[in-house]
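Secondary and tertiary structure notes
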Protein chains: 2
Amino acid sequence: MTLLAREAMHASLQDPVLESIGFLNEIMSRYPGALSFAPGAPHPAPYTELNTARYIDRFVAHAASTSRTPDMAARLLYEYGPAQGLINDIVADALRRDLGIDADPDSLVITVGAQEAMLLVLRALIASPDDLLAVSDPCFVGITSAASLLGAGVQAVPEDADGLDVDALSEACRAARRSGRRIRACYVAPDYANPSGTRMAAERRLRLLELADEEDFLVLEDNAYGFTAPPGTELPALKSLDTGRRVVHIGTFAKVCFPGARVGYVVADQIVRASDGSAVTLAAELARLKTAVTVNTSPICQALIAGMLLEHGGSLTELSRTRSVLYRRNLAHLLQALDRETVGGLPDGVEWNRPEGGFFVRMRLPVPVDAQLLEISAAEHGVLWTPMAPFHPGGGGTHTLRLSCSYLGPERIDEGVRRLVAFLREYAMPGTATAVVGGVSQ
Amino acid sequence: MTLLAREAMHASLQDPVLESIGFLNEIMSRYPGALSFAPGAPHPAPYTELNTARYIDRFVAHAASTSRTPDMAARLLYEYGPAQGLINDIVADALRRDLGIDADPDSLVITVGAQEAMLLVLRALIASPDDLLAVSDPCFVGITSAASLLGAGVQAVPEDADGLDVDALSEACRAARRSGRRIRACYVAPDYANPSGTRMAAERRLRLLELADEEDFLVLEDNAYGFTAPPGTELPALKSLDTGRRVVHIGTFAKVCFPGARVGYVVADQIVRASDGSAVTLAAELARLKTAVTVNTSPICQALIAGMLLEHGGSLTELSRTRSVLYRRNLAHLLQALDRETVGGLPDGVEWNRPEGGFFVRMRLPVPVDAQLLEISAAEHGVLWTPMAPFHPGGGGTHTLRLSCSYLGPERIDEGVRRLVAFLREYAMPGTATAVVGGVSQ
């Protein structure tokens with residue numbers, strides 16, 4: 001029988017990031033009764049109000065009202081359709097209305113989630129081992145796993161409470177140049193990033209764009225969580241500030257609609273010039289690459305999302321209003337529960353940040369946060385969370401964990417925090433975990 | 001404004017295969033009145049009978065009847081779901097029933113069309129510049145464009161009327177070894193391949209599997225067109241003959257259901273062993289890679305396909321019966337029309353094959369078949385077809401074109417053949433095209 005040696009297969013299969021995702025799934029299945037702050041999944045409550053047939057009909061009616069006969073509009077759902085997408089005009093309208101992003105529909109590609117968008121952009125930009133992707137450290141594993149799959153070199157750039165350290169990025173650009181390499185793009189999630197919950201300060205946003213101009217790289221902006229900002233506190237999307245077409249803006253409908261649609265998008269209005277002088281948008285190039293990945297995004301899924309948008313006046317803000325309230329309620333509840341349950345004290349060195357939006361809170365412990373500790377937490381206290389080290393391509397995060405409260409209800413958050421605090425009181429002190437793991441593994 | 005030089009971007013963007021797809025789309029849009037034998041798209045007639053709501057309900061009822069509550073079953077549609085897929089048991093049942101492929105559901109991954117399956121398999125197997133993918137020459141551009149995106153080396157292996165030349169593949173394996181390289185996999189579409197229409201003879205199938213064992217490579221079997229075989233003439237799928245787990249079987253629901261679902265699958269029951277001795281299926285490894293490409297296949301789309309299958313007794317054969325009849329009727333009609341319209345003669349050297357199934361007929365001309373000739377055909381005779389050179393990674397196909405009749409009706413086929421024959425009588429003689437192109441371009 002055919003045996004394949006993993007060592008002889010592509011290096012991305014040995015990537016610790018993919019390993020860690022596998023381990024998280026595995027431990028969740030072994031402890032089904034554990035209360036989990038691990039997955040960053042959307043809350044299921046809005047699913048009960050979804051009416052897929054109505055959304056699809058709504059899109060078909062819209063398509064029929066523009067340039068097509070009703071028969072042609074209905075057939076769109078079942079055919080392949082253009083690689084660049086079918087609902088670009090509707091998404092472009094929403095981006096203009098809600099985020100002040102002025103993008104031509106032709107500069108968009110509708111993708112199979114934000115993940116495919118990341119893969120396509122990296123593939124287009126990373127041409128050789130000398131081309132590097134800079135990422136905020138910590139950062140979303142989706143971008144680093146896509147880089148790993150493509151064999152792209154990653155340069156970690158630290159962040160602080162105000163987001164990406166632009167000075168460090170500037171230095172990284174110079175260092176790369178000195179070694180004959182080049183930072184082609186920098187990935188950031190400026191609004192309540194996964195996993196740190198950090199929001200990039202307004203002034204940093206402008207400095208990042210200036211540096212991109214100076215050093216000639218593109219900024220890959222991931223806007224998954226911007227919709228959770230408290231009303232009136234929103235900061236401008238990098239793309240809305242982008243006078244020099246330095247920003248590639250990546251979005252997803254997984255959080256504002258639902259993940260099962262697998263629909264995301266990328267705004268890539270940069271101009272690509274061929275040696276013969278002809279020019280196309282970067283979006284058109286991404287669409288060509290997409291034919292080799294998924295051919296096109298399911299038109300039925302696109303119709304679902306477009307129909308949902310149209311039912312809410314074509315506005316992402318309207319569409320996400322109740323979800324935004326729900327996620328802020330959960331986050332406030334989590335932070336309040338942590339305060340309430342820790343009134344009696346916690347081991348020294350346990351601390352966490354207090355984001356105003358997003359799905360995530362980051363907690364530092366005075367002990368190593370690893371698979372062993374997670375196993376103990378699950379087995380003895382029935383509570384799960386995510387170790388942060390896999391989110392740190394620069395090698396940090398060994399003492400931090402991520403708490404996600406997005407898909408839980410208030411009672412579950414309360415119960416989870418009680419379990420978590422009991423766990424912390426027992427094990428968040430140097431020396432405790434190792435001793436017990438010896439016992440567990442025997 | 002940001003200008004990107006295509007030369008500084010990934011080499012796959014300069015791949016002539018992607019260029020040629022772009023050109024075909026462009027010429028179709030410039031000649032909307034032309035009758036087109038170019039796209040291999042499925043016929044739209046079955047779309048009018050589709051009832052998406054019913055299929056989704058059918059799947060949800062099935063899911064609720066197995067291991068889930070009705071609420072959990074309904075929520076499946078909207079959540080992320082497992083990377084490996086949600087309908088693996090239903091697809092595995094169908095493969096066993098219809099193709100004699102005995103695969104555990106855990107050895108399947110449900111993908112975003114067959115295209116994603118190809119990309120994932122190549123990514124897993126191609127670890128270095130020394131790892132080669134062998135392909136039948138000509139072959140489907142989806143596999144060569146995926147190889148190009150991953151920077152994988154491709155070894156073209158000729159085919160004859162009985163399919164892949166296994167002796168030539170054997171020699172290619174030896175030649176690769178002599179140069180320190182290795183053929184890791186060989187892609188074939190044994191049943192009425194796109195673009196050649198060739199079917200691999202039964203004896204060749206067995207020899208290919210023997211060689212795979214001898215030379216330790218995997219066979220990537222693409223089964224997109226097997227369902228169009230005249231009843232009683234089917235040859236066994238390579239995977240059904242595969243006693244040594246040498247075959248990775250790739251399929252799509254684009255033709256037997258509809259393309260807009262973007263659902264395909266891959267059977268990968270090979271065992272992958274890690275250095276620590278642990279073992280998983282290749283399918284599990286592909287699913288890990290999939291988290292970096294599309295995360296998972298839309299559960300709504302999976303539900304649609306599974307519901308359609310269940311409505312047809314869980315049988316691909318039942319599901320595809322009317323489509324199979326339709327495509328054979330079209331193919332027979334095309335071949336008859338070619339015979340009828342050419343009774344008055346054709347230029348010497350115009351000839352074509354006569355497949356009994358599939359979507360495609362290959363035609364050889366005594367003149368170069370290129371973009372110039374296609375432009376003339378569109379402009380002067382209102383008929384389009386596909387030049388074959390991009391399908392030939394080995395550099396051949398300069399004098400052949402592909403005719404597809406899959407999405408046309410009989411009257412359109414008749415009219416198209418009349419136009420095609422008029423075109424051939426005028427231009428399929430050495431010297432004619434060049435002279436006229438001079439005129440056109442002035």
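Residues numbered from 1 in each chain as written. Chains lettered and ligands numbered in written order. Predicted model: local features only at pLDDT ≥ 70, side-chain atom pairs only at ≥ 80, totals over all residues. Heavy atoms only, no water.

Stated formally: UniProt positions are given in the numbering used here, feature names are shortened, and annotations may be inferred rather than shown by experiment.
Named according to an unreviewed UniProt entry, chain A is PLP-dependent aminotransferase family protein originating from Streptomyces flavidovirens. What UniProt records for chain A under Cofactor (unreviewed entry) is the sentence "pyridoxal 5'-phosphate".

Overview of the overall build of chain A
For clarity, the threshold we go by: Strands here are runs of E lasting at least two residues and helices are runs of H or I lasting at least four, both read from the DSSP assignment and numbered beginning at the N terminus. Burial classes follow relative accessibility: with a 1.4 Å probe on protein chains only, a residue under 20% of its type's maximum area counts as buried, one over 50% as exposed, and anything between as partly exposed. Contacts are assigned to residue pairs that have any heavy atoms within 4.5 Å of one another. Working definition of accessibility: Shrake-Rupley area with a 1.4 Å probe, residue cover restricted to the visible protein chains. We score Asp and Glu as negative and Lys and Arg as positive, and we do not count His or the chain ends. Each charge is placed at NZ for Lys, CZ for Arg, CG for Asp and CD for Glu.
Counting secondary structure elements, chain A contains 14 helices and 17 strands. Projected onto its principal axes, the C-alpha coordinates of chain A cover approximately 70 × 60 × 55 Å. Within chain A, buried positions represent 61% of all 442 residues. Here the contacts in chain A between residues at least 6 apart in sequence split such that 73% fall between residues at least 24 apart. Accessible surface, chain A: about 15600 Å² in total, of which carbon and sulfur atoms supply 52%. Side chains of chain A carry 40 positive and 52 negative charges; the gap between the two charge centres is 2 Å.

Topic: the packing of helix H11 (residues 316–341) of chain A against helix H13 (residues 410–427) of chain A
All names here are of chain A. The condition that has to hold: Every axis in this analysis is a line fitted to C-alpha atoms, fitted for helices over the stretch in contact. Angles between the N-to-C directions lie between 0 and 180 degrees. Should the near helix be turned anticlockwise from the far one by less than a right angle, the crossing is left-handed, and should it be turned clockwise, the crossing is right-handed. Under the scheme applied, nonpolar residues are Ala, Val, Leu, Ile, Met, Phe, Trp, Tyr, Cys and Pro; charged residues are Asp, Glu, Lys and Arg; polar residues are all the others, including Gly.
Interhelical geometry of H11 versus H13 gives an angle of 40 degrees and a closest axis separation of 9 Å. The way H11 lies across H13 gives a crossing that is right-handed. Contacts between H11 and H13 involve Arg329, Asn330, His333, Leu334, Ala337, Leu338, Arg340 and Glu341 on the former and, on the latter, Pro410, Ile413, Asp414, Val417, Arg418, Leu420, Val421 and Arg425. Counted by class, the contact of H11 with H13 contains 8 nonpolar, 2 polar and 6 charged residues.

Quick notes on the sheet that holds strand S14 (residues 360–364) of chain B
Residues and elements named next belong to chain B. Quick reminder of the rule: A pair of strands is labelled paired if DSSP reports no fewer than 2 bridges between them.
Taken in spatial order, the 4 strands make up an open sheet running S13-S14-S17-S16, and their pairing is antiparallel. The two strands at the open ends of the sheet, each matched to only one other strand, are strand S13 (351–352) and strand S16 (386–387). Here S14 pairs with strand S17 (residues 400–404) via 5 bridges, running antiparallel. In the strand pairing of S17, Phe360 is matched with Ser404. The sheet strands contacting helix H11 (residues 316–341) are S13, S14 and S17, and the helix crosses S14 at an angle near 25 degrees.

Some thoughts on the UniProt feature "domain: Aminotransferase class I/classII large" (unreviewed entry) in chain A
Here, the residues flagged by UniProt with the feature "domain: Aminotransferase class I/classII large" (unreviewed entry) are residues 88–420 of chain A. For the annotated span residues 88–420 of chain A, helix accounts for 40% and strand for 20% of the residues, and the straight-line distance between the end C-alpha atoms is 44 Å.

Considering the nonpolar core
What counts here: Working definition of a nonpolar core: buried Ala, Val, Leu, Ile, Met, Phe, Trp, Tyr and Cys residues. They are joined through side-chain atoms within 4.5 Å.
Core analysis: the largest hydrophobic core is formed by 102 residues, its most contacted members being A:Phe59, A:Phe253, A:Phe258, B:Phe253 and B:Phe258. Counting 82 residues, the second largest nonpolar core, distinct from the first, contains A:Tyr187, B:Ala146, B:Val266 and B:Ala292.

Re the sheet that holds strand S1 (residues 3–5) of chain A
Pairing between the strands of a sheet is mediated by backbone hydrogen bonds and can be parallel or antiparallel. Read from one edge to the other, the open sheet built from 3 strands follows the order S1(A)-S11(B)-S12(B), with strand pairing classed as mixed. Pairing within the sheet leaves two strands with one partner each, and these edge strands are S1 of chain A together with strand S12 (279–281) of chain B. Across the sheet, the axes of successive neighbouring strands diverge by a mean angle of 35 degrees, strand direction being ignored. Of the strand pairs in this sheet, strand S11 (residues 271–273) of chain B and S12(B) are connected by 3 bridges, and their pairing is antiparallel. The residue of S12(B) that forms the bridge with B:Arg273 is B:Ala279. On the sheet, helix H9 (residues 282–290) of chain B packs against S1 of chain A together with S11 and S12 of chain B and is oriented at approximately 75 degrees with respect to S12(B).

A short note on the packing of aromatic side chains
Residue and element names in this part refer to chain A. Short version of the rule: Ring pairs are drawn from Phe, Tyr and Trp, using the six-membered ring of Trp, whenever the two centres fall within 6.5 Å, and their geometry is named by plane angle: stacked under 30 degrees, edge-to-face over 60, tilted for the rest.
Summed over all chains, the structure comprises 20 aromatic pairs over all chains. With a centroid separation of 5.9 Å and 50 degrees between ring planes, the pair formed by Phe359 and Phe360 is classed as tilted. When the centroid spacing of 5.9 Å and the interplanar angle of 35 degrees are considered together, the rings of Phe423 and Tyr427 count as tilted. Taken together, the positions of Phe423 and Tyr427, both in helix H13 and 4 residues apart, correspond to about one turn of that helix.

What about the interface of chain B and chain A?
The condition that has to hold: Accessible-area loss on putting two parts together, using a 1.4 Å probe and summing over both, is the definition of buried area adopted here. We define a salt bridge as a contact between a side-chain nitrogen of Lys or Arg and a carboxyl oxygen of Asp or Glu at a distance within 4 Å. By the criterion applied in these results, polar contacts are pairs of N or O atoms within 3.5 Å in which, for protein atoms, one can donate a hydrogen and the other can accept it, and in which residues neighboring in sequence qualify only through two side-chain atoms.
Facing 73 residues of chain B, the contacting portion of chain A comprises 73 residues. Between chain B and chain A, a total of about 6600 Å² is buried, with carbon and sulfur atoms accounting for 64% of that surface. B:Arg6 is the partner of A:Glu285 in a salt bridge, and the nearest nitrogen-oxygen pair spans 2.8 Å. Inspection of the chain B/chain A interface yields 42 residue pairs in polar contact (both at pLDDT 80 or more). If you list the elements that add at least two residues to the side of chain B that touches chain A, you get strand S1 (3–5), helix H1 (16–30), helix H5 (113–125), helix H6 (141–150), S11, H9 and helix H10 (299–311) of chain B. With 6 residues, the top contributor of residues to the side of chain B that touches chain A is H5(B). Tallied by class, residues from the side of chain B that touches chain A come to 42 nonpolar, 15 polar and 16 charged. With 3 bridges connecting them, S1(A) and S11(B) associate as parallel partners. The residue of S11(B) that forms the bridge with A:Leu4 is B:Val272.

Digging into the domain arrangement of chain A
All names here are of chain A. Applied cut-off: Domain start and end points were adopted from an automatic or database domain assignment.
Here chain A is partitioned into domain 1 (16–40 + 318–428) and domain 2 (52–314). On a C-alpha basis, the centroid separation for the pair domain 1 and domain 2 is 28 Å. Contacts between the two partners involve 26 residues from domain 1 and, on the opposite side, 30 residues from domain 2. Buried surface at the junction of domain 1 and domain 2, summed over both partners, amounts to about 2300 Å²; 66% is from carbon and sulfur atoms. The largest per-residue losses of area from domain 1 upon contact with domain 2 belong to Leu319, Phe360 and Phe391, which jointly make up 26% of the total buried on that side.

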